[in-house]
Amino acid sequence: MLRWRLFDGLTLLTVLLLSSAVVAQSTLIEGLRPGVTQQLAEHRKTVLSRLSYDLSFDLPASPDQRIPASAVIEFELSEADEPLVLDFKESAEKLGAVEVNGQPSDYRFESEHLVIPAGELRPGQNRISVQFTAGDSSLNRNPEFLYTLFVPDRARTAFPLFDQPNLKARYTLTLTMPADWEAIANAPLQQLEALGERKRLRFAPTELISSYLFSFVAGKFQRETRQINGRQMTMLHRESDREKVARNLDAIFDLHGAALSWLEEYTAIDYPFQKFDFALIPSFQYGGMEHVGAIQYRADSLLLNAQPSQTQLLSRASLIAHETAHMWFGDLVTMDWFNDVWTKEVFANFMAAKIVNPSFPEINHDLNFLIRHFPSAYAVDRTQGANPIRQDLQNLNQAGTLYGNIIYNKAPIMMRQLETLTGQDEFRSGMREYLANFAYGNATWPDLIAILERKTEVDLQSWSEVWVNTAGRPHFLLEESAGTTALRQVDPEGAGRVWPQQFSVSERTEGNWRLESVESGRSEIAVFDPGASAGLLNADGRGYGLFPADPELLSDWESLDDIQRGSLLVSLFENLLEGNRLSADEYLNRLIGIIELEDNQLLLNLMLRQVRILYWNFLSEAARADAAVNVENSLWALMLAADSPSSKKIFFEAYRDLALTTPALDQLLRVWRAEIVVEGLVLSETDQIALATGLAIKLPEQADQIVTRQLAQINNQDRQRRFDWIRPALSPVPSTRRAFFETLADEDNRGIESWVLGALDALHHPVRRDDAEAYILPSLELLEEIQVTGDIFFPARWLGATLGSHNTPAAAAVVREFLAQRPEYNHQLRLKILQAADPLFRAERLLSLPNF
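Residues numbered from 1 in each chain as written. Predicted model: local features only at pLDDT ≥ 70, side-chain atom pairs only at ≥ 80, totals over all residues. Heavy atoms only, no water.

In this structure, F57 and F159 are the most contacted members of the largest nonpolar core, which totals 227 residues. Residue contacts for F57: discarding those within four places in its chain leaves I67, P68, A69, F132, A134, F159, L173, T174, L175, T176 and F216. Core analysis: the second largest hydrophobic core is formed by 45 residues, F740, L803, A811 and L834 among them. (Core = buried A, V, L, I, M, F, W, Y, C linked by side-chain atoms within 4.5 Å. Buried < 20%, exposed > 50% of the residue type's maximum accessible area, 1.4 Å probe, protein only. Contact = heavy atoms within 4.5 Å.)

What follows concerns the environment of D704. Looking at the secondary structure, you find D704 in helix α19 (residues 703–713). Taking the C-alpha atoms as reference points, D704 and S620, 84 residues apart in sequence, are found 30 Å from one another. Sequence-distant contacts of D704, that is, excluding residues within four places in its chain, are made with R727 and P732. (Helix = DSSP H or I, 4+ residues; strand = E, 2+ residues; numbered from the N terminus.)

Relative orientation of the contacting elements helix α18 (residues 685–698) and α19 amounts to 165 degrees, with a least axis distance of 9 Å. Compared by their axis directions, α18 and α19 come out roughly antiparallel. Handedness of the α18/α19 crossing: left-handed. For the pair α18 and α19, the contacting residues are E685, Q688, I689, A692, L695 and A696 in the first and A703, I706, V707, Q710 and Q713 in the second. Residues that form the contact of α18 with α19 fall into these classes: seven nonpolar, three polar and one charged. (Axes fitted to C-alpha atoms, helices over the stretch in contact; angles between N-to-C directions. Parallel < 35°, antiparallel > 145°, perpendicular 65-115°, else oblique. Left-handed = near helix turned anticlockwise from the far one by under 90°. Nonpolar A, V, L, I, M, F, W, Y, C, P; charged D, E, K, R; others polar.)

Enumeration over the complete set of coordinates arrives at 54 salt bridges. Across the salt bridge formed by R382 and E574, the nearest N and O atoms sit 2.7 Å from each other. Here R382 is found in the loop between α7 (365–381) and α8 (405–422), whereas its partner E574 is found in helix α12 (residues 562–577), with 192 residues between them in sequence. Each of the two residues, R382 as well as E574, counts as buried. With a shortest N-O distance of 2.9 Å, D657 and R612 are connected by a salt bridge. With a gap of 45 residues between them, D657 in helix α16 (residues 645–658) and R612 in helix α14 (residues 601–617) connect regions that are remote in the sequence. Residue class for D657 comes out partly exposed when judged on its relative accessible area of 25%. Here R612 falls in the partly exposed class, since its relative accessible area comes to 24%. Ionic contacts of the salt-bridge type, sharing partners, join the residues R382, R473, E574, E578, D838 and R842 into one network. (Salt bridge = Lys/Arg side-chain N within 4 Å of Asp/Glu carboxyl O.)

Taken together, the eight strands give an open sheet; going across it, the order is β5-β4-β8-β2-β1-β10-β13-β12, and neighbouring strands pair in mixed fashion. The open sheet has two free edges, formed respectively by β5 (103–104) and β12 (189–195), since each of these has just one partner strand. Two elements, strand β10 (residues 169–178) and strand β13 (residues 198–203), share five bridges in a ladder whose sense is antiparallel. Of the residues in β13, the one forming a bridge with T174 is R202. Contacting β1 (48–58) and β2 (68–77), helix α2 (residues 38–47) runs over the sheet at an angle of about 105 degrees to β1. (Pairing = 2+ DSSP bridges.)

Turning to the sheet that holds strand β16 (residues 231–237), a few remarks are in order. Across the sheet, five strands lie side by side as β15-β16-β17-β19-β18; this open sheet has mixed pairing. Single-partner strands in this sheet number two, and they are β15 (222–228) and β18 (288–289). When β15 meets β16, the two strands line up antiparallel, connected through seven bridges. Within β16, the position partnered with R223 by the bridge is L236. Against the sheet, helix α3 (residues 242–267) touches β15, β16, β17 (276–281) and β19 (294–298), its axis set at about 135 degrees to β16.

What follows deals with the confidence of the model for the protein chain. Averaged over all residues, the pLDDT of the protein chain equals 94, while 96% of them reach at least 70. Scored below 50 in pLDDT, residues 1–7 makes zero contacts in the model with residues more than four places away or belonging to other chains. Taken as a whole, residues 20–24 scores under 50 in pLDDT and shows two contacts with residues more than four places along the chain or in a different chain. (pLDDT = per-residue confidence, 0-100.)

With respect to the helices, strands and loops of the structure, S309 is situated in the loop between α4 (299–302) and α5 (310–325). Given the relative accessible area of 4%, S309 is considered buried. When neighbours within four sequence positions are excluded, S309 is seen to be in contact with Q601, N605, S646 and I650.

Turning our attention to the packing of aromatic side chains. In the structure shown here, the tally under the stated rule is 49 aromatic pairs. Taken together, the ring pairs in this structure connect Y53, F57, F88, F132, F150, F159, Y171, F214 and F216 into an aromatic cluster. Sitting above the plane of the W672 ring, R709 keeps its charged end 5.2 Å from the centroid. It is R816 that lies over the ring of F841; its NZ or CZ is 4.2 Å from the centre. (Phe/Tyr/Trp six-rings, centres within 6.5 Å; stacked < 30°, edge-to-face > 60°. Lys NZ or Arg CZ within 6 Å of the ring centre and 35° of its normal.)

Turning next to unusual backbone geometry. Following V151, the chain continues to P152 via a peptide bond in cis, the omega torsion being 0 degrees. Along the chain, the position of P152 falls in the loop between β9 (145–147) and β10. At S111, a position not held by glycine, the phi torsion is positive, near 50 degrees. The residue S111 is located in the loop between β6 (108–110) and β7 (113–116) in this model. Positive phi values are uncommon outside glycine, yet Q307 reaches one of about 60 degrees. Looking at the element boundaries, Q307 is found in the loop between α4 and α5.

Between helix α21 (residues 734–743) and helix α22 (residues 753–763), the shortest axis-to-axis distance is 11 Å and the interhelical angle comes to 145 degrees. Here the hand of the crossing between α21 and α22 comes out left-handed. Two secondary-structure elements touch here, α21 through R737, F740 and F741 and α22 through A759, L760 and L763. Of the residues contributing to the contact of α21 with α22, the split by class is five nonpolar, no polar and one charged.

This next bit is on the environment of H365. You can see H365 is positioned in helix α7. Taking relative accessible area as the criterion, H365 reaches 16% and is therefore assigned buried. Leaving out residues up to four positions away in the same chain, H365 has contacts with L314, V356, N357 and F360.

Here we take up the pairing of strand β24 (residues 501–509). The element β24 is extensively covered by neighbouring structure, given that seven of its nine residues are classed as buried. Alignment of β24 against strand β25 (residues 512–520), held across nine bridges, turns out to be antiparallel. Looking across to β25, one finds that S506 is bridged to L515. Here β24 folds back onto β25 in antiparallel fashion, the turn holding two residues, of which E510 has a positive phi close to 55 degrees. With three bridges joining them, β24 and strand β27 (residues 534–536) adopt antiparallel strand pairing. Counterpart to E507 in the pairing with β27 is G535.

Below, the structure written as structure tokens:
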């Protein structure tokens, strides 16, 4: 009897569980929402496997013509009791014939989804065939070329599929296109068929990859092929300046080869894909994108002008290393859900910092890491809109909002602290185990932490909870007591958090600097002996937070090493923004004096970046007018005296950006007209365009003449198209600029995002602040649409270009009122606004202080 009751209870429980599962699945289908919800993705992951796509696109020469396409999707289904949902963010009119397992489908289309009835499916192998017109929004169609960009969830804008990162599939691609076009894709070309004025390319099936990594580039490109370390690589580009290409080509291929070799050795895994190519694309949205075997780069990030600075060379090497590292970190092993998108970025950034070291033995790489990451991370973590490294995500259509400085800059700082905790050898062993365990699959951040925690006695779960799952930075306080100085870590939010970390403290005794490593946690740390004449916190630049800094250390500049100098500059600037000790005009004057003593280009670029911000955002109009002549004369003299062409270029670009007085602008005008030739200063076509842009804005009475002449001088057709498109934003007539701005409300006019951002920079230039304030509110009102239609970085960059040059109470009031009137506004976008508005809010507050 007891057995029967137990059996009945289990039977009832089973029935209830099955019933609840059926109800959950039915609710899932009936409650379909736009995008890809986490609930939908989790369900599909449980029922789908062995997924493959065979895709064909018929590419016309004209971007105005539609693209006929087809997809054959094959997969195994563990159960066929419920309808199956595919993603297609297009109109139903773009769907043609749909067949399921050889029969016409009675599908329905709703909320960006193609819903296949359960009765047409079967457990085991299934095949869905779809004829459709490809969506254009992520195909980036230009007059002579196109390229796909599907991160994070935009493959569904082009073709029907299961668009989520943990449903990896094999992709086979066929392109039919004009005969004079070139193309690359994720896998090698398998077959080429000539069709008169057209041709058909059939590419081999890929390895298992995520949907956002599927890609192709096609169009009128030049093809360059090299054999590097036994591996053939192909580069596509559209640069018309042959000398520029020849000057950069060897370095571009060699840097890729060096990065691949380093990664194979570090990971103990051979390059995991069939081929390795890349395309250089004019006005590409990002620096680069890690499509498997077919990386895309912004062309001018790799094809550098003559006389590149140390910073530009390092940036190119770091970008190449970053995208190459993604082949292992992100492509071979991919995050399970986009809440962990940061993991692929931190791995790539962290590895890139290691990779570039051997290629640049003359560079101080700790200094480069400090300058590259800390100011950008602080730019978010100091704000009211700070976000944690790891964030919640309920729908993939919001995944783009997770990207930003915290992912790209704070996460590598965190990862370096993690490596210090575990030890380099154990960290590397853990990374190898992680890649081997999850190769061609998906993983989460806790998966890695679990691996590393087995290799150390440190409680990494608790450590990660603060560093990864919470926002903000600690503040460090110095406290004097009984003749000793103690350093204490404080949570500015009052939540009692502690960021365990290691860094160094430096003190000067009897004229010599002594460095001591300290560990900061809950306990106070004794620092600075009573006999020390000076002290510097975070002297090795490894600590993260707001550190007290003594501006008088600037007087001892030449006694400091490069890392100490960089750390001091970062800390002083952060303290200035907090309203501590320094005023903007005082710090600006100190910086100009120190720049004359410095020859390290990394430090020069950091200081000149700070000078630009202080000059335009944190000085009153009167203070800027008082400072202008000294700033201009100093920069011009430094440019003339510079002994290297790259340093000369650094000072000239700063002079160009900061010039404000009539004599300085006249001098720049004569340089642009080639009436003044500075020995050792070579201006490329892009330099000439940048110079003409600034002159047109600052010399409105000559703007039309300058723009017309510059447009006629541009040889490269892609750069010519861009400058012609931006031209109305350079107009001296406010109504013309206003009319141009209003066209940006149309999605079609925001198609090339880098052009839009260039135009916004011109519209909002500091000398046009008063007129440009009228654009702030409509720009904020467009933000939600921009998030839906734009690529991942566009919302933040739209905000940066809109707010970055403003510093008035009126502008700050527009932002605050916009947010106050929208309490239910998209949370992630609210954070982005608060991040972008932080310099504005701080400038408003600090400029109101009597002694700032």
